[in-house]
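Structural characterization, general
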Amino acid sequence: MIGIALWSLVACDSAPKGYYEVEGHIRGVEDGVVLTLFRINGQAGMGIDHDTLRDGRFFFRVKPEEAKREHMTLLAWRDDFPSMALHFWAGEGDRVTIEGDDKLIYSWEVEGPAPENRSWQAYNACARDLYDELQRVAIEENQIRLRGQEPGADPTRLQAQYDSLGRLQQKVLIPQIHARQIEHMRRVKMDQIGLMHLEEMARLCKYDPEGYPHREAVVELYNALDEEWLHHPTAERIRAQLYPVKVVAKGEPMVDGKLYDLEGRPHTLSELHGQYILLDFWSAGCGPCMMALPEMGEIAKRYADRLQVVSITTDVDAMWRKTSADHPISWHNWSDGKEQMGIYRFYDQTGIPNYTLISPEGIVLDRWMGYGSGSLKQKIAEHLQ
């Protein structure tokens, strides 16, 4: 990245044809901080560039993938920064400026032509003090993790501190932020940014049904959506969170659906009847998902006579195809084109990578989430040997 060398070129009101530009002016942060730029496609983000803060400045020149404005995020992978990303939108010819006074990156101010930027900033502004506190707590969590690696650390005490901070975030700060954003949502016209925040709230309605206090308001706002937004993919995800389908359990028959390979040929899980099936729900933006691919290939080869491995993407079509080209998958690589709204919902365990082992008779034998080196081999061996 040659951001500083290009700085003198950033003097006009628009970016060069075929590009958009992002320039940052950050005070109160030391030089040397590396900032990584992500492009968001559907529910996944892919890192596309990085720049190092020098004299309080950073710069990106980006060639957009699509004609429409892109959703981007900016993140600093450091323990003294929160694990929260700045969001902004940009398209060809745009110039976006970012201003900040500290390491609370989520709260940095964004100016750019896209209306999404103004809306996002308005939602942040109504709860900025709470967002700042949320970020400070996230940084404190990072420091606790670091102290846990020091000689003589007391893991019990540190875990108690860590858990206390988690409760502060989930039970106090986030509900308070959402309360303010709900009031803001009631005052303004619904837009894409409002839907994004409503989806975050709906997710908590699903995964913390007893503890999350705003379900009634979230349902009210969802029911008030007009036709312009009711059939938007984000609204469909909100509906799925508020009214989730029954997730298949161990001992129950598998859930099937129409799936497609990269050539567009249709498939179903039923066509694999008579062999074990390992379902792998994955995304290109999921690090552990990608790390698991080599081990999955070993399993597919070792048990080829009795096990079929089926990787099902939760990504949009373009990202699925690009990732499949960059990381060839020799086993079944399928998609239903519905991201997280298709067959994935029936096997959802709150995250990915997400695995389900199915018997030759089509009965769910086991389900688990997450990946560590050797974990897939161990799981499959438990059932097949």
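Before reading on, note that the structure itself is shown above.
Described below are features of the structure shown in this document. Worth saying up front: this structure is predicted, and the values here are computed from it rather than measured. (Residues numbered from 1 in each chain as written. Predicted model: local features only at pLDDT ≥ 70, side-chain atom pairs only at ≥ 80, totals over all residues. Heavy atoms only, no water.)

Broken down by element type, the chain carries 12 helices and 15 strands. The C-alpha atoms of the chain give a radius of gyration of 23 Å, which matches the 21 Å a tight globule of 385 residues would have. C-alpha atoms of the chain, sized along the principal axes, occupy 65 × 55 × 50 Å. Buried residues in the chain amount to 50% of all 385 residues. Counted over contacts in the chain with a minimum sequence separation of 6, partners at least 24 positions apart contribute 66%. (Helix = DSSP H or I, 4+ residues; strand = E, 2+ residues; numbered from the N terminus. Rg over C-alpha atoms; globule rule 2.2 N^0.38 Å. Buried < 20%, exposed > 50% of the residue type's maximum accessible area, 1.4 Å probe, protein only. Contact = heavy atoms within 4.5 Å.)

Right, let's get into the pattern of salt bridges. A pair can form between side chains of opposite charge whenever their charged atoms are brought close. Here the structure, examined in full by the defined rule, presents 30 salt bridges. Residue Asp80 is joined to Lys103 by a salt bridge in which the shortest nitrogen-to-oxygen separation is 2.6 Å. You can see Asp80 sitting in the loop between strand 5 (70–76) and strand 6 (86–90) and its partner Lys103 sitting in the loop between strand 7 (95–100) and strand 8 (109–111), a full 23 residues away along the chain. When its relative accessible area of 23% is taken as the criterion, Asp80 is described as partly exposed. Among the charged side chains, a network of salt bridges with common partners joins Glu21, Glu23, Arg61 and Arg95. (Salt bridge = Lys/Arg side-chain N within 4 Å of Asp/Glu carboxyl O.)

Following the sequence through the fold, Gln308 ends up in strand 12 (residues 307–313). In terms of polar contacts, Gln308 uses its side chain to reach the side chain of Gln275, at 2.8 Å. If near-sequence neighbours (up to four positions away) are discounted, Gln308 is found in contact with Leu272, Gln275, Tyr276, Ile277, Leu278 and His332. (Polar contact = N/O pair within 3.5 Å; in protein donor to acceptor, adjacent residues only side chain to side chain.)

What follows covers the pairing of strand 12. Within strand 12, 7 of the 7 residues are buried, leaving the element largely enclosed by the surrounding structure. A two-sided burial pattern is seen for strand 12, the buried positions comprising Leu307, Val309, Ser311 and Thr313 on one face and Gln308, Val310 and Ile312 on the other. Pairing of strand 12 with strand 13 (residues 332–334) involves 3 bridges; the strand directions are parallel. Opposite Ile312, over in strand 13, you have Trp334 as the bridge partner. (Pairing = 2+ DSSP bridges.)

Aromatic ring pairs are defined here through the distance separating the ring centres and the angle between the ring planes. All chains considered together, the criterion is met by 8 aromatic pairs. These aromatic residues form a ring-pair network of at least three members: Trp89, Tyr106, Trp120 and Tyr131. Over the aromatic face of Tyr19 sits the side chain of Lys63, whose NZ or CZ is 5.6 Å from the ring centroid. (Phe/Tyr/Trp six-rings, centres within 6.5 Å; stacked < 30°, edge-to-face > 60°. Lys NZ or Arg CZ within 6 Å of the ring centre and 35° of its normal.)

Core analysis: the largest hydrophobic core is formed by 39 residues, its most contacted members being Val218 and Leu242. Among the secondary structure elements, those contributing two or more residues to this core are helix 2 (115–125), helix 3 (128–147), helix 4 (155–187), helix 5 (192–207), helix 6 (215–223) and helix 8 (233–242). Apart from residues no more than four positions distant in its own chain, Val218 is found in contact with Leu198, Met201, Ala202, Cys205, Tyr212 and Leu242. (Core = buried A, V, L, I, M, F, W, Y, C linked by side-chain atoms within 4.5 Å.)

Turning our eyes to something else, we now look at the side chain of Asn117. With respect to the helices, strands and loops of the structure, Asn117 is situated in helix 2. Take Asn117: its relative accessible area is 2%, and that puts it in the buried class. A distance of 2.8 Å separates the side chain of Asn117 from the backbone nitrogen of Trp89, its partner in a polar contact.

Within the secondary structure, Ile182 sits in helix 4. Through-space distance from the C-alpha of Ile182 to that of Ser373 is 42 Å; in sequence the pair is 191 residues apart. In contact with Ile182, not counting residues within four places along its chain, are Met201, His214, Ala217 and Leu221.

Let's shift gears to the sheet that holds strand 8. Across the sheet, which stays open at both edges, the 4 strands sit in the order 4-1-7-8 with mixed pairing between neighbours. Because the sheet does not close on itself, it has two edges, and the strands there are strand 4 (57–62) and strand 8. The average undirected angle you get between the axes of adjacent strands in this sheet is 15 degrees. Sheet analysis places strand 1 (residues 20–26) next to strand 4, joined by 6 bridges and oriented antiparallel. Each residue of the ladder has a partner; that of Tyr20, found in strand 4, is Val62. (Axes fitted to C-alpha atoms, helices over the stretch in contact; angles between N-to-C directions.)

What follows covers the state of the cysteines. Structurally, a disulfide amounts to a covalent bond that connects the sulfur atoms of two cysteines. As enumerated under the stated definition, the model contains 1 disulfide in all. Between the sulfur of Cys286 and that of Cys289 lies a disulfide, 2.4 Å long from S to S. Where Cys286 bonds to Cys289 through sulfur, the torsion about that S-S bond is close to 80 degrees, and the disulfide is right-handed. Judged on exposure class, the residue Cys286 and its partner Cys289 are both buried. The cysteine Cys126 is free of any disulfide, with Cys205 supplying the nearest cysteine sulfur at 18 Å. With relative accessibility at 19%, the residue Cys126 sits in the buried group. With a relative accessible area of 4%, Cys205 lands in the buried category. (Disulfide = S-S within 2.5 Å.)

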